[in-house]
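# Summary of structural features
Below are the chains, spelled out letter by letter.
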Amino acid sequence: QVQLVESGGGLVQAGGSLRLSCAVSGRTFSSYAMGWFRQAPGKEREFVATINWSGGATYYADAVKGRFTISRDNAKNTVYLQMNSLKPEDTAVYYCAADPIKHTLVILTTAAVYPYWGQGTQVTVSS
């Protein structure tokens, strides 16, 4: 069973930064593509960023491009989301997800392709 545990959320002022972490159990983390999604109250879950199994390819939602950076450390079974220049509209619960199948990055923007999910971590950006 694959388990994902997010951490690093919190309250930050607009313009500030946070780094989210997602620790993944299991020996095959290095073969998984990983994604970050978010869900604000009353809204659909939306794609934020994804990274392929090696870390050599990434893809971002337009809303976060240039401000957020996804990365991974396969030795630590962990994926990160560095969030800079945060805005109030970034407020949401952030979820990490794992996909064991080597889908293309475009496909990885779709939540339905990920079978494994964490419980989420709250990020609140005050104005």
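Above this text you will find the structure in question.
Let me begin by describing the structure that accompanies this report. Model, not experiment: these values are computed from the prediction.

The subject of this paragraph is the overall build of the chain. Secondary structure summary: the chain contains 0 helices and 11 strands in total. A globule of 127 residues ought to have a C-alpha radius of gyration of about 14 Å, and the chain, at 13 Å, matches this closely. Projecting the C-alpha coordinates of the chain onto the three principal axes gives extents of approximately 40 × 25 × 25 Å. The buried share among the 127 residues of the chain stands at 43%. Here the contacts in the chain between residues at least 6 apart in sequence split such that 58% fall between residues at least 24 apart. Per element, the accessible surface of the chain, about 6400 Å² overall, is 51% carbon and sulfur.

This brings us to the state of the cysteines. The final tally for this structure, using the stated rule, is 1 disulfide. For Cys22, the disulfide goes to Cys96, at an S-S distance of 1.9 Å. Residues Cys22 and Cys96 are joined by a disulfide whose S-S torsion is about 50 degrees; by sign, that bridge is right-handed. Of the two residues, Cys22 is situated in strand β3 (residues 18–24) and Cys96 in strand β9 (residues 92–99); the sequence distance between them amounts to 74 residues. When sorted by exposure, Cys22 lands in the same class as Cys96, which is buried.

On inspection of all chains with the given rule, the structure shows 4 salt bridges. Asp90 is the partner of Arg38 in a salt bridge, and the nearest nitrogen-oxygen pair spans 2.9 Å. Of this pair, Arg38 sits in strand β4 (residues 33–39) while Asp90 sits in the loop between β8 (78–83) and β9; the two residues are 52 residues apart in sequence, bridging distant segments of the chain. Per residue, the accessibility class of Arg38 equals that of Asp90, and both read buried. Across the pair Asp90 and Arg67 runs a salt bridge whose closest N-O atoms are separated by 2.8 Å. Placement of the pair is Asp90 in the loop between β8 and β9 and Arg67 in the loop between β6 (58–60) and β7 (68–73), with a sequence separation of 23 residues. The class of Arg67 is buried, set by a relative accessible area of 12%. Members of the salt-bridge network, linked through shared partners, are Arg38, Glu46, Arg67 and Asp90.

Let us now look at the nonpolar core. Ranked by size, the top nonpolar core spans 35 residues in total, and within it Met34, Trp36, Leu81, Met83 and Tyr94 carry the most contacts. The greatest single-element share of this core, amounting to 5 residues, is contributed by β9.

What follows is about the sheet that holds β7. Strand order in the open sheet formed by 4 strands is β1-β3-β8-β7, with antiparallel pairing between adjacent strands. Pairing within the sheet leaves two strands with one partner each, and these edge strands are β1 (4–7) and β7. Between one strand axis and the next, the sheet turns through 15 degrees on average, direction left out of account. Inspection of the sheet shows β1 paired to β3 by 4 bridges, in the antiparallel sense. Residue pairing across strands places Leu4 opposite Val24, the latter belonging to β3.

Cut-offs used in this document
Residues numbered from 1 in each chain as written. Predicted model: local features only at pLDDT ≥ 70, side-chain atom pairs only at ≥ 80, totals over all residues. Heavy atoms only, no water. Helix = DSSP H or I, 4+ residues; strand = E, 2+ residues; numbered from the N terminus. Rg over C-alpha atoms; globule rule 2.2 N^0.38 Å. Buried < 20%, exposed > 50% of the residue type's maximum accessible area, 1.4 Å probe, protein only. Contact = heavy atoms within 4.5 Å. Areas by Shrake-Rupley, 256 points an atom, 1.4 Å probe, with all protein chains shown as cover. Disulfide = S-S within 2.5 Å. Salt bridge = Lys/Arg side-chain N within 4 Å of Asp/Glu carboxyl O. Core = buried A, V, L, I, M, F, W, Y, C linked by side-chain atoms within 4.5 Å. Pairing = 2+ DSSP bridges. Axes fitted to C-alpha atoms, helices over the stretch in contact; angles between N-to-C directions.

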